[in-house]
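Close look at the chain arrangement
The chain contents come next:
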2 protein chains.
Amino acid sequence: MRVPVPLPQSYLLLNHGPTVLVTAAAEGRNNVMAAAWAMPIDFDPPKVAVVIADGTFTRELVDATLEFALCVPTTDQVDLTWAVGHQSGRESDKFERWRIGAEPAERIGAPLVAGCAAWLECRVLPDRDLAADHDLFLAEVVAAWADDELFRGGEWQFTPGGRRTIHHLNGGQFFATGEKLAARRAE
Amino acid sequence: MRVPVPLPQSYLLLNHGPTVLVTAAAEGRNNVMAAAWAMPIDFDPPKVAVVIADGTFTRELVDATLEFALCVPTTDQVDLTWAVGHQSGRESDKFERWRIGAEPAERIGAPLVAGCAAWLECRVLPDRDLAADHDLFLAEVVAAWADDELFRGGEWQFTPGGRRTIHHLNGGQFFATGEKLAARRAE
């Protein structure tokens, strides 16, 4: 079940470096692309940084609305993540083409991809130079959600062989998020 | 063995979102801290973004030299990563205190942490506003290295139960990088 995550906890949804799906919408058109280059940059208010390449349809929609969602896909969504990551949505609606479920967000116009582990609704902090020079967008997280089967009590609840988050390498190769390790407390 | 990685391949060392160690050096003093918030932002020339908090000793050294290295620690270095991530090096040398091996870099003054999976030598792209407003540093990767036991032929070579990269959650909890998954090619 999709449940709200308190905003100061939302960095935990990205802290381990998963690959994300970036969604955006404008004038009745939705799009979704994959992005391995996304990370938190602040705790509270929570902020993120993400690279959205110039020339992509998602970039057009983000430039037009200054809003996007970061959706954190799972091991069940590897094919979907790869499909939306290397084909453009300019000509055909990727949600229709790949039969991707979309749910409305609460604070922004971009849709949330159904079946993900977590979702961050984001509003861009305007900085035209950063986008123009580096395709880099900084944004404030204005709402956050998680599938409570996978994240609750401020912690990821992955089980061996169960649904987990994913980390793109290149060319459709991913790593699943692996086992948990605890550091011994330093003296 | 530490071997050079061609610069256009260096993004692969960070693409899956591992936690890194940031090293810096100035006026005969070295320091190392952990950072979960680091990612590639460009392929060629390769560039990275990393958050280095204001007030840390590492930040002082980076501000003074505009250079740092990103070292990618392994499952064997979880304790080390946590230790250097929550204690300051201003009062005592962390390399001495935690008996961390340091090797000279090739293009920058910052040391490379021995035993890591990969290393990226970086020169900061000056942008005082970005650092002042968001503690965010953009940098060009000027040299890259990997342990050829773990990365060769442009691919990570992790084996189940073997040394792998790590992903920090919070409070000394990490995920190991998990098993490889291949997306089916979309029609």
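For the structure, check the block above.
How each quantity is defined
- Residues numbered from 1 in each chain as written.
- Chains lettered and ligands numbered in written order.
- Predicted model: local features only at pLDDT ≥ 70, side-chain atom pairs only at ≥ 80, totals over all residues.
- Heavy atoms only, no water.
- Helix = DSSP H or I, 4+ residues; strand = E, 2+ residues; numbered from the N terminus.
- Rg over C-alpha atoms; globule rule 2.2 N^0.38 Å.
- Buried < 20%, exposed > 50% of the residue type's maximum accessible area, 1.4 Å probe, protein only.
- Lys, Arg positive; Asp, Glu negative; His and termini not counted.
- Charge placed at Lys NZ, Arg CZ, Asp CG, Glu CD.
- Contact = heavy atoms within 4.5 Å.
- Pairing = 2+ DSSP bridges.
- Axes fitted to C-alpha atoms, helices over the stretch in contact; angles between N-to-C directions.
- Buried area = accessible area lost by both parts, 1.4 Å probe.
- Salt bridge = Lys/Arg side-chain N within 4 Å of Asp/Glu carboxyl O.
- Polar contact = N/O pair within 3.5 Å; in protein donor to acceptor, adjacent residues only side chain to side chain.
- Nonpolar A, V, L, I, M, F, W, Y, C, P; charged D, E, K, R; others polar.
- Least-squares fit on C-alpha atoms with pLDDT ≥ 70 in both.

Let us look at the overall build of chain A. For chain A, the count of helices and strands is four helices and 14 strands. The C-alpha radius of gyration of chain A comes to 16 Å, within 12% of the 16 Å expected for a compact globule of 187 residues. Viewed in the frame of its principal axes, chain A has a C-alpha envelope of about 50 × 35 × 30 Å. Expressed as a percentage of the 187 residues in chain A, the buried residues total 58%. Each charge class in chain A can be summarised by its mean position, and for the 17 positive and 26 negative side chains these summaries are 4 Å apart.

All right, on to helix α1 (residues 57-65) of chain B then. Residue and element names in this part refer to chain B. Those residues of α1 that sit buried are F57, T58, R59, L61 and V62. In this structure, the buried side of α1 is in contact with β2 (20-26), β3 (29-35), β6 (67-72), β9 (118-124), α4 (128-134) and β10 (136-147). Once α1 ends, the next one or two residues include L66, with phi positive near 55°.

Reading across from one edge, β13(A)-β14(A)-β14(B)-β13(B) is the order of the four strands in this open sheet, with antiparallel pairing throughout. Of all the strands in the sheet, just β13 (166-170) of chain A together with β13 (166-170) of chain B have a single pairing partner and so form its edges. When strand polarity is set aside, the average angle formed by the axes of neighbouring strands in this sheet is 40°. Bridge count for strand β14 (residues 173-182) of chain A against strand β14 (residues 173-182) of chain B is seven bridges, and the pairing is antiparallel. Bridge pairing links L181 of chain A to F174 of chain B in β14 of chain B.

So, about the interface of chain B and chain A. With 55 residues of chain B at the interface, the matching set in chain A holds 55 residues. At the boundary of chain B with chain A, total buried surface from both sides reaches about 4,600 Å², with 61% on carbon and sulfur atoms. Ranking the residues of chain B by area buried against chain A places W37, F175 and L181 of chain B at the top, with a combined share of 17%. Where chain B touches chain A, the interface holds four salt bridges. One salt bridge connects R184 of chain B with D79 of chain A, and the closest N-O pair in it is separated by 2.5 Å. Summed over the shared surface of chain B and chain A, the number is 20 residue pairs in polar contact (both at pLDDT 80 or more). For the side of chain B that touches chain A, the secondary-structure elements that each account for two or more residues are β4 (38-43), β5 (46-51), α2 (78-85), α4, β10, β13 and β14 of chain B. Among the elements that line the side of chain B that touches chain A, the one with the most residues is β14 of chain B, at ten residues. Of the residues in the side of chain B that touches chain A, the class split is 31 nonpolar, 14 polar and ten charged.

The subject of this paragraph is the side chain of N15 of chain A. Relative to the helices and strands, N15 of chain A is located in the loop between β1 (2-4) and β2 (20-26). Exposure remark for N15 of chain A: the relative accessible area of 4% places this residue in the buried category. A polar atom in the side chain of N15 of chain A sits 2.9 Å from the backbone oxygen of L169 of chain B.

A word on unusual backbone geometry. Note the cis peptide between D44 of chain A and P45 of chain A, where omega equals 0°. A positive phi angle is found at E27 of chain B, which is not glycine, with a value near 50°. Relative to the assigned elements, E27 of chain B resides in the loop between β2 and β3. The backbone of R99 of chain B sits at a positive phi, close to 50°, despite the residue not being glycine. For R99 of chain B, the position within the fold is in the loop between α3 (94-97) and β7 (102-104). Given the relative accessible area of 77%, R99 of chain B is considered exposed.

Next up on the list: the relation of the copies chain B and chain A. The two copies are related by a screw operation: chain B maps onto chain A through 180° of rotation and 0.0 Å of translation along the axis, at an RMSD of 0.0 Å. Given the turn and translation reported, the copies of this chain are related as if by a two-fold rotation axis. In this assembly the copies share their binding face: 100% of the residues contributing to the interface of chain B also contribute to that of chain A.

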